[in-house]
Every structure is written in structure tokens, then in C-alpha cells.
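Coordinates in review
Letter by letter, the chains look like this.
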Amino acid sequence: MDKKYRLATGLLLIPLWIFSTAGFAAAKVYIDIDAPGFQQFPIAICDFQSPKAGAGALPEDPAESVRRYLDLTGIFRILDKKSFLEGVEPGSPEVIRFSDWSVIGADFLLRGHLKPAGAGWSAESRLYDVTRGEVIFEKKYPLTAGSAQAPGLSIASDILLALTGDEGDFRTQIAFVIKKKSGSDIFTMNYDASDLKNMTNDHSIVAAPRWSPDSRYFAFTSYKNGRPMVFLRHLKTGKEKVIASFPGLNLCGSFSPDGKKILLTLSKDGNEEIYALEIETMHLKRLTNSYSIDVSPAWSPDGRKIAFVSNRSGSPQIFVMDADGENVKRITFEGSYNTSPSWSPRGGRIAYEGLINRKYQIFSVDEEGNNLIQLTFDDADNEYPSWSPSGRQIVFHSRQSGKSRLCIMNANGMNLRVLKESRDFLVMPSWSPRSGER
Amino acid sequence: MKKHFTAIGLLLILVFSLTIFSGCAEKKAVVKDETAIQEQKVAAAQQGAPAAVTTDDEAAQKAKEAADREAALKEQAAKEEAAKKAAAARAAWAKKNAEALLDLNLQNVYFDYDKSSIRPDAREILKANAEIFTKNSSAKIVVEGHCDERGTAEYNMALGERRAQEVKQYLVNLGIDASRIETISYGKERPLDNRSIEEAWALNRRAQFLLK
């Protein structure tokens, strides 16, 4: 009896042991946010200290902006300023009592000063590891007289880079379709839901907005000429051309990782097949060959494979094939309606929507069809997943009782937040590459 | 010279007034009088208007208004006449067109959920439609494929196209020239019934026909 008990305890401890070893293995990167047991990281962000009065007009404190941006990532828990024990006295010596911060639950601490620098100002920032009592980084950020949004973004980016090894998704946009009774159009907005802009203004039917990986091009399907055609727009010049207007269906798919090709769904040869179009030469190559629907192709980030939807086995399911169309393999087996595959930029996993208990929910599965995880569970219909460039977040459409929302969640389904809400449909979100990659 | 003009004007007004009172105002006379009034007005303005002239001016004004009313009435009558004719023509055209459309009697065919195969009940409808297409042999045929609101927009666009293609193939097998038939999928974007119930979904999973 006693022996059995001891064995059971031992078995329970094994996963704990695995986690702790994994933690040690990732020595440089502080946060292993992809671990299954990942918890949000508690961070205290102090208001920046500024010099005493008489120094002229002060620039805006970037602290609030840093808090807002870090909150958007979904991996930080921003501690309430009211819980801070340490009073922030202007000009107090640079001594930090780490115990004052660990006792309120902060693992990380950001402190900074606003100092005159040349003609302008500078935000001197320090990020501390509270548990180790060490400085993680120290950096000066130039401040302009206006908004502190830009320096706030830079500081937040650097914190994320230092703690996760990745700059995150701050400098990204999301394209999506607003569908009204009068017709639908493509819009774009920043990752923080600011700066909403019309990409099209035709009040037609639009579908499948897609960014090229270098953000030079934007492709989509529109019925503005009376029937579905695929359009390619050069984002800088705004020049647009029709790249597919064959008889029947012309649907836009995803770009190849090198941006040279684009996948299309065309019905010109009798039924819906997937084709790769070389943008420079307009050379078209057919990839699928089955008397069934093949649609919604998504290129893997390494360019080797393509995920797509096919009903060749009776109901819509996700399949993976080589980039030349060979070695077709079904990867979803649960449920009778699995569509909208989106490949994680970090490779490995494919997010999609599946019908379960009469609701559409977001799932992710690896490219071999193993390790299936359900990511959304609420009472809404959750559709059209699209990964962020960091591969750490997923944007999707959520619809419940007449309300349509664009939501973001962490790649593990945690920390869901609503980006935009409307009575109109907000569908088919597509996450842009990082602006640095443009 | 000026005095001379005024005298002529006054004389003409007098004549005109008499004509009005005698009750036989002819258009020609009115026009002539208007010229006189103009002249008289100019004269009055240059000399400072005497009271007597003002009285006569009012009478002339009334006459002018009467004439204007008459002209306006005539114009309106003409307009109404034209509108009536146009409306009648439109009604006749609409009636003829409606009869023609009614004669065509093209019916939709419906599909099962997530299916594009032609249902048994659709076969008779397609045969009837094929006869109509044969009778109207010069017209091009558009087959629209539609889906219900459930599922992904993209997959439904493919499914709608599949439905339209299946219908096209069926019509070709019934002897309709394939080159006459065009297919277009509207996916789930153009429902007939916006409700989220099975009854509406069944109505929305359809192929619709157009002749052009």
C-alpha cells in the first residue's frame, strides 16, 4: 500500500521535473512562453521620474504607453501601481529594495528617468529581474515633445525581446473584411486596433485578404467586376492588377514565403483545384488533382509544404501536401467540418476552425496531424484564425448573438481579448508581417 | 421725343384696358401691350412715375399674369399628356416583360447541406428549365450557385461553384450547348432568407438561373 502510494507520487513528480529542467535549459531567454504550464509574467512598471520643476515643459511619460503595449501581448500581467510599496520620490538614489517588489508579486520591474538630452529629452530605462536582483538591460530612448507612443513602443519591444528572444507583434497590422448589407470591403488597422483604414471601397463581395511576406503586395478576391477575380495590389504605389479572371471561381490563397508565388483556387478546369502562380512570369502550375473541392491553400513558413481544405473524403478536412502537390496527407480526423488552415510562422502547427457541438471553434494541430488542441471553448462561433508574425498570437472572428468581434488570443488559447466589436460582420482577419520586414 | 413716347404708351394702355374690359384679350394684343408697358416703364422711370400710370400699370400686370397662367396651364397639360403616354408605355412594357418572365417559369433547384449533387426533386425542374432554354436558344444562361450561412466564406464559394457546375453539367447532358452556360458562385453572400434556421438554410442552398 505504502509502496503504491510512493510510486504514484513519483509519477506525479515526473512532469514537474521535466518542466524545471526545461527552465534551466533555456538559460538566456527568461520566459519560456510556449511551455504548456505558462503563466503570465507579472511586471511592475513605474512612472518615469522627472527632474524637479523649473526644467521647462516636460515630455509625456512613456510608462502608460509601455503598460498598454505589454498588456497587448497577452504574456504580461501588469501590476497595479497602487500595490507598489516603494514610493517613487523624485531624485531618490538608485537603490532598489527588490524585496519590496517580490512581496507584491513582481518578477520584473521597469524604472526610468526623464532627462534633458541636447535640445530634447531622453527616457533612461532599466529593466530588472526582481527574483535575481539584476539589471536585464539599460537603455536611453529619445523623446519628442509630442506623444510618448513611439518611445513606449520601443521600450515595450525591447522588454519583449530581452525576455522572450523575439520583438513580438507591435509593428504589425491586421487586414479584415467588414461585411454589411450594402456590400463588403477590406479594411486595415494597427495591432492595437488604432488607425482603421479602407483598403477597398467597392461595396462588393470580397474574400481572402492576404499580405505578401515582404509586405510589398496585397492580394484579395473581389466581385467588383461582376464575378470573382483575384487582384494584386502593390502597396507602395497603390497600383492594382487582375492576376486571375478565369471562367468560374478565382479565389486568392497565400503567398510563398519568398513572396515570388501565390496560391490560387481556380475552377477553370472543371472543379476547384489549387494552383501556384509565379507573380513575375504569370506562369501557372496546377498542384491538386481530384474530383472534389480543393480550397484555402496555406504555405508553410519553410516553403516545403502546403496545407489546404478538401472534401475528397466526403466532408471538408485539412490536408497537407508537398509544395509540388505530391504526398497528400489528411491531418484532421475529428469532426465533419474542418476549414481555414493557417500555418504558424514558427512552423510546426496549423490553426483551423472545426465544428464541434454545433459551434465553430479554433483548434491547432501539428503538420503530421498529431497533438490536436482545442483553443476556444466559449458559446460563440469562432472562425478564420490567422497567426501573428511572432507565432505567439492568433487573431480570429468570433460571433455570438448578433455581435461580431475580432479577438486575439495567445497561441495556447489563453488570454483572449477583444480587438474590435461591431453589429456588422468583421470577418477573415489576416495578420501582416512586421513592418521591419517591409 | 420722350413726351411723344409717353403719349403713345398711355394711348396703348388705354386701348388695352378697353380690350380687357370688353373681354376679348387676345394673345397678340397682350404681347404688343407688353412692349408698350416696357416702353412706358422706361419712360416712367426716367420721368418719375405719375399716379395715373401706376393704376394702368397694375392692370397691365394683371393681364400679364393671366397670360402667364394660361401658358403655364397649357404647358402643364402637355407635360401631363406626355407623362401619361410614357407611363402607359412603361406599364405595357412591364406587363409584356412580366408575362415573358412568367412564361419562362424558371425555377430554382435546391441542395442538401454541404452537398453539390443534383437531388431527385431537382431533376424535373432542370428538365423543365432546359426546355425553356431550348426555346430561347439565342439567350445566354447564367447559373448562380448559392450556399447557406454555415461555414467558411471560402469553402462556401467553392461549394457554390460546385453546385453551379453540377447544374451546368446536368443541363449539358440534357442537350444544352455548354458554350451558352456561364457559372458564378456567390457562396453564402447572397441569401434569399436571412434567418438562422433550417427553413432559411434549405431555401438558401440553391442554384438560380438568369437569361441574358
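Residues numbered from 1 in each chain as written. Chains lettered and ligands numbered in written order. Predicted model: local features only at pLDDT ≥ 70, side-chain atom pairs only at ≥ 80, totals over all residues. Heavy atoms only, no water.

All names here are of chain B. Residue placement: Trp201 occurs in helix α6 (residues 198-204). Accessibility expressed as a relative area gives 13% for Trp201, which makes it buried. Residues Trp201 and Ser138 lie 63 residues apart in sequence; the distance between their C-alpha atoms is 34 Å. With residues near it in sequence (within four places) discarded, Trp201 still touches Asp148, Glu149, Arg150, Arg195 and Ser196. (Helix = DSSP H or I, 4+ residues; strand = E, 2+ residues; numbered from the N terminus. Buried < 20%, exposed > 50% of the residue type's maximum accessible area, 1.4 Å probe, protein only. Contact = heavy atoms within 4.5 Å.)

The subject of this paragraph is the pattern of salt bridges. In total, this model carries 38 salt bridges over all chains according to the counting rule given. The salt bridge partner of Asp129(A) is Arg132(A), with a shortest N-O separation of 3.6 Å. Exposure remark for Asp129(A): the relative accessible area of 3% places this residue in the buried category. The salt bridge partner of Arg205(B) is Glu198(B), with a shortest N-O separation of 3.2 Å. Taking relative accessible area as the criterion, Glu198(B) reaches 42% and is therefore assigned partly exposed. One connected set of salt bridges, linked through shared partners, spans Asp47(A), Glu64(A), Arg67(A) and Lys81(A). (Salt bridge = Lys/Arg side-chain N within 4 Å of Asp/Glu carboxyl O.)

Moving on to the environment of Asn370(A). All names here are of chain A. Among the structural elements, Asn370 can be located in the loop between β23 (359-366) and β24 (373-374). Look at Asn370 and you get partly exposed, because its relative accessible area is 42%. Expressed as a C-alpha distance, the spacing of Asn370 and Phe137, which sit 233 residues apart in the sequence, is 40 Å.

Residues and elements named next belong to chain B. Reading across the sheet, the 4 strands line up as β1-β4-β2-β3 and stay open at both edges, with mixed pairing between neighbours. Looking at the sheet topology across the chains shown, the edges are occupied by β1 (109-110) and β3 (181-185). Inspection of the sheet shows strand β2 (residues 141-145) paired to β3 by 5 bridges, in the parallel sense. Its bridge partner lying in β3, Glu144 is registered against Ile184. Along the sheet face, helix α4 (residues 120-135) touches β1, β2 and β4 (206-211) and points at about 10 degrees away from the line of β4. (Pairing = 2+ DSSP bridges. Axes fitted to C-alpha atoms, helices over the stretch in contact; angles between N-to-C directions.)

Residue and element names in this part refer to chain A. Residues Ile186 and Ile262 are the most contacted members of the largest nonpolar core, which totals 56 residues. Among residues more than four places away in sequence, those in contact with Ile262 are Ala219, Ile243, Cys252, Gly253, Ser254, Phe255, Tyr275, Ala276, Leu277 and Ile279. Counting residues in hydrophobic clusters, the runner-up holds 41 residues, among them Phe38, Leu70, Trp121 and Met189. (Core = buried A, V, L, I, M, F, W, Y, C linked by side-chain atoms within 4.5 Å.)

As a further point, take the packing of aromatic side chains. Residue and element names in this part refer to chain A. Under the counting rule described, the total for this entry stands at 16 aromatic pairs over all chains. Ring plane angle 80 degrees and centroid distance 5.1 Å describe the contact between Trp211 and Phe218, whose orientation is recorded as edge-to-face. Between Phe220 and Phe231, the ring centres sit 5.6 Å apart and the planes meet at 15 degrees, which makes this aromatic pair stacked. Remark: Phe231 occurs in strand β11 (residues 229-234) and Phe220 occurs in strand β10 (residues 217-222); sequence separation between them is 11 residues. (Phe/Tyr/Trp six-rings, centres within 6.5 Å; stacked < 30°, edge-to-face > 60°.)

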